[in-house]
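Listed below are the residues making up each chain.
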Amino acid sequence: MNILAIETSCDETAAAVVRGGRWVLSNVVASQIALHESYGGIVPELASRQHVTAIVPVLREALATAGVGRDDIDAIAVTEGPGLAGSLLVGINVAKTLAFAWKKPLIPVNHLEGHIYANWLIPADADPGSYPPPSFPAVCLIVSGGHTDLLLVHRHGVYEILGRTLDDAAGEAFDKGARILGLGYPGGPAIQRAAEGRRPLEQLPRAWLGDRYDFSFSGVKTALLRAAEPYRKQAPPPGRGAKQARGNDEPFVRHEPPAYSPNMPVGELAAAYQDAIVDVLVEKTANATQQERAQSVMLSGGVSANALLRRRMEARLRPLGVPLFIPELQYCTDNAAMIAGAAYQVLRRGALAGWELDVRAQLPWAAIPGIKIIERARG
């Protein structure tokens, strides 16, 4: 079965063709980083406009790269949420149009479930025997810009939520930390580059929250702000100059990074900040793996591309003898191949969509049709 998937939940316009939920025939992503970096983050209206411009060329490239046409496609999949409403609207309307015109089933996919199934993706010509899938039960850490969830996947479509972030997600914390240090956007790669080869200046606090599997990163963010504050130069008062810098035809205010004295140890502070976030992610995942007697561990989401997180997680799990699954870098950040991978499982459980399908910017796990969610009691 060949599934054509569309992903436009945030600032990446993506389309992919995946066979059998695993074999990636094509995976095309049009990035908007260059568009948003001058604003220090994603501007939703600009993201929506760019999706409109990019979606048709991306779709054509995905079909051409896969070497397939409409008759070779068995179903159309699309991200219905969570995400930015305007961005999701572009992808859903295009997917509904294709499904109607081509007379194909329409498969709605939760973006977070898509991240999980990035761990099933393999090259188009791969022997599946060389790429065994994760074994159940599996602990899965989803770390992205908007979500940090720790799940126990009992089997396909059965998820137990062990923990989640109580405030900032890990990716959001990286973005805010990079803004504090004046490192630019996106924050995760910027923090990683600045910290490369540097030793932490000091140990920043970790929010362990007792024996709970929940996460909190607001405290370490505040600690970084206080550590950087002594080096910050006094900013000029806002006035006419700020308005002129914005420009008469510019509807959005551009981000002005803070100015620091030259002797601020940016790399050392970035290393301490990255170390604190990764430490908590790794330890809580490892503890859950032991306590739940998991047969495998999966990383997913944009932050799973972080090199320190990948190294530390592998080293921490090696003594436990539990295999670690980490998607290729191209499948860590938002992409459509992972949506097609999840869509295969959605189709198997019969949760198809009709023409009434609409965006669901806030889409909790419990609202996904056809799956079973187990909520663990929290102390």
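Residues numbered from 1 in each chain as written. Predicted model: local features only at pLDDT ≥ 70, side-chain atom pairs only at ≥ 80, totals over all residues. Heavy atoms only, no water.

J.: Help me out: how do you make sense of the overall build of the chain in this one?
T.: If you tally the helices and strands in the chain, you get twelve helices and twelve strands. Over its C-alpha atoms the chain spans a radius of gyration of 21 Å, differing by no more than 12% from the 21 Å that the globule rule assigns to 379 residues. The principal-axis extent of the C-alpha atoms belonging to the chain is close to 60 × 55 × 40 Å. The buried share among the 379 residues of the chain stands at 52%. Across the chain, the fraction of contacts at a sequence separation of at least 24, relative to all contacts at a separation of at least 6, is 76%. Surface accessibility of the chain: about 16,800 Å² in total, with carbon and sulfur atoms responsible for 51%. (Helix = DSSP H or I, 4+ residues; strand = E, 2+ residues; numbered from the N terminus. Rg over C-alpha atoms; globule rule 2.2 N^0.38 Å. Buried < 20%, exposed > 50% of the residue type's maximum accessible area, 1.4 Å probe, protein only. Contact = heavy atoms within 4.5 Å. Areas by Shrake-Rupley, 256 points an atom, 1.4 Å probe, with all protein chains shown as cover.)

J.: Could you clarify how one ought to interpret the confidence of the model for the chain in this entry?
T.: Fine structural detail should not be taken from predicted coordinates in areas where pLDDT scores are low. Looking at the chain, pLDDT values average 92 and 93% of them are 70 or higher. In the predicted structure, residues 240-246 sits below a pLDDT of 50 and forms three contacts with residues beyond four places in sequence or in another chain. (pLDDT = per-residue confidence, 0-100.)

J.: What should I look at first to understand the side chain of Ser9 in this one?
T.: One can find Ser9 in the loop between strand S1 (2-7) and strand S2 (12-19). At a separation of 3.3 Å, a polar atom in the side chain of Ser9 contacts the side chain of His111. The contact partners of Ser9, leaving out residues within four places of it in the chain, are Thr79, Pro82, Gly83, Leu84, Ser87, Leu88, His111 and Asp334. (Polar contact = N/O pair within 3.5 Å; in protein donor to acceptor, adjacent residues only side chain to side chain.)

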